[in-house]
Amino acid sequence: MIDAAVPPFLAQLPHGTRTPCHRRPELFVSDAPSAAVTEAARHMCAACPLQQPCADYAIRMREPDGIWGGLTPQERDAARRPPCGTELGWRSHRSRGESCITCREAHRERLRADREQRLAREHRVHGGSLAGYRLELLLGLPTCARCRAVRQQYYAGRPRPQKWYRRAA
Ligand code: SF4
Ligand SMILES: [Zn+2]
Ligand SMILES: [Zn+2]
């Protein structure tokens with residue numbers, strides 16, 4: 001009977017052979033393996049015919065402990081994360097409270113491109129608009145005469161909004 005706990009990638013092992021880590025259970029138990037254990041395991045895994053499927057399996061199963069396919073828990077965690085420079089990568093950093101210059105710059109670029117597109121659409125569809133005026137400010141551009149005119153018309157005759165710091169006075 002096949003043990004259900006045995007990872008299925010081991011079925012790819014040539015008949016009658018064993019993985020180099022056979023009888024080395026200590027490699028699979030620590031969530032922070034020592035440098036010596038990591039080094040020894042890397043050598044062993046490099047000679048293993050199942051290195052790639054072993055690493056893939058541990059990454060897919062979110063295996064938290066030990067060395068698998070030559071990868072430490074931290075390396076497997078990094079391999080699972082979306083690549084830097086993508087929107088998902090940026091969100092992944094944010095959810096962890098991390099700062100990554102590559103992702104931050106890429107996110108700013110995407111935001112700017114999106115605002116430019118929306119501004120172009122406002123001009124194309126409406127000629128000028130309040131939204132266009134705000135986008136111009138957000139993009140650090142000089143506001144255009146058409147957007148300014150729409151804004152002036154919008155606020156003409158309206159009472160000035162009362163500022164919160166004036167209300168108490
Ligand atoms: S890659 Fe390393 S941990 Fe995985 S089966 Fe081979 S020797 Fe064992
Ligand atoms: Zn990043
Ligand atoms: Zn405009």
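Residues numbered from 1 in each chain as written. Chains lettered and ligands numbered in written order. Predicted model: local features only at pLDDT ≥ 70, side-chain atom pairs only at ≥ 80, totals over all residues. Heavy atoms only, no water.

Under the annotation held in an unreviewed UniProt entry, the chain carries the name Transcriptional regulator WhiB and is attributed to Streptomyces boncukensis. What the UniProt record of the chain gives under Function (unreviewed entry) is the line "Acts as a transcriptional regulator. Probably redox-responsive. The apo- but not holo-form probably binds DNA." The Sequence similarities (unreviewed entry) field of the UniProt record for the chain holds the comment "Belongs to the WhiB family." (UniProt positions renumbered as here; feature names shortened; annotations may be inferred.)

When helices and strands are counted, the chain shows eight helices and zero strands. What you see in the chain, going N to C, is helices and strands ordered as α-α-α-α-α-α-α-α. For 169 residues, the compact-globule formula gives about 15 Å, and the C-alpha radius of gyration of the chain, at 29 Å, lies well above that figure. Here the analysis covers contacts within the chain between residues at least 6 apart in sequence; of these, 34% occur between residues at least 24 apart. Of the roughly 12,100 Å² of accessible surface on the chain, a fraction of 55% belongs to carbon and sulfur atoms. With 29 positive and 17 negative side-chain charges, the chain shows a separation of 14 Å between the mean positions of the two kinds. (Helix = DSSP H or I, 4+ residues; strand = E, 2+ residues; numbered from the N terminus. Rg over C-alpha atoms; globule rule 2.2 N^0.38 Å. Contact = heavy atoms within 4.5 Å. Areas by Shrake-Rupley, 256 points an atom, 1.4 Å probe, with all protein chains shown as cover. Lys, Arg positive; Asp, Glu negative; His and termini not counted. Charge placed at Lys NZ, Arg CZ, Asp CG, Glu CD.)

Turning next to unusual backbone geometry. One non-glycine residue, arginine 23, adopts positive backbone phi at about 70 degrees. By secondary structure assignment, the location of arginine 23 is in the segment before helix H1 (35-46). Residue classification places arginine 23 among the exposed residues on the basis of a relative accessible area of 71%. Residues other than glycine seldom take positive phi values, yet arginine 62 does so here, at roughly 55 degrees. Tracing the backbone shows arginine 62 in the loop between helix H2 (51-60) and helix H3 (73-80). Under the relative-accessibility criterion, arginine 62 is labelled exposed at 58%. (Buried < 20%, exposed > 50% of the residue type's maximum accessible area, 1.4 Å probe, protein only.)

Let us now look at the coordination of the zinc ion (ligand 2). Bound to the zinc ion (ligand 2) on the protein side are Cys84 (SG), His93 (NE2), Cys100 (SG) and Cys103 (SG), at distances that span 2.1 to 2.3 Å. Around the zinc ion (ligand 2), the four donor atoms sit at angles spanning 104 to 115 degrees, and that spread fits a shape best called tetrahedral. Overall, cysteine 103 belongs to the buried group, its relative accessible area being 1%. (Donors = N, O, S within 2.8 Å, 3.2 Å for Na, K, Ca; no water. Tetrahedral: all angles 85-135°; square planar, octahedral: opposite > 155°, others 65-115°.)

Okay, the nonpolar core next. Listed in full, the eight residues of the largest apolar core are Phe9, Leu13, Cys48, Leu50, Cys54, Tyr57, Ala58 and Trp68. Residues within four places of cysteine 54 in sequence aside, it is in contact with Phe9, Trp68 and Gly69. Among the nonpolar cores identified, the runner-up in size contains five residues, and Leu27, Ala41, Cys45 and Ile67 belong to it. (Core = buried A, V, L, I, M, F, W, Y, C linked by side-chain atoms within 4.5 Å.)

With 26 residues, helix H5 (residues 101-126) extends 37 Å from end C-alpha to end C-alpha; this agrees with the ideal 38 Å at 1.5 Å per step. Regarding H5, the residues found buried are Cys103, Ala106, His107, Leu119 and Glu122. Of the residues one or two after H5, glycine 127 is the one with positive phi, at around 85 degrees. (Expected span 1.5 Å × (residues − 1).)

Once that is clear, we can look at the UniProt feature "domain: 4Fe-4S Wbl-type" (unreviewed entry) in the chain. Within the UniProt annotation, "domain: 4Fe-4S Wbl-type" (unreviewed entry) is assigned to residues 20-78. In residues 20-78, helix accounts for 47% and strand for 0%; the two terminal C-alpha atoms are 25 Å from one another.

Per the counting criterion, the structure on display carries four aromatic pairs. Aromatic pair tyrosine 57 and tryptophan 68: ring centres 5.8 Å apart, planes at 35 degrees, arrangement tilted. Placement of the pair is tyrosine 57 in helix H2 and tryptophan 68 in the loop between H2 and H3, with a sequence separation of eleven residues. Seen in terms of ring centroids, tyrosine 154 and tyrosine 155 are 5.0 Å apart; in terms of plane orientation they differ by 85 degrees. Their pairing is edge-to-face. Looking at tyrosine 154, the relative accessible area reads 35%, which means it is partly exposed. (Phe/Tyr/Trp six-rings, centres within 6.5 Å; stacked < 30°, edge-to-face > 60°.)

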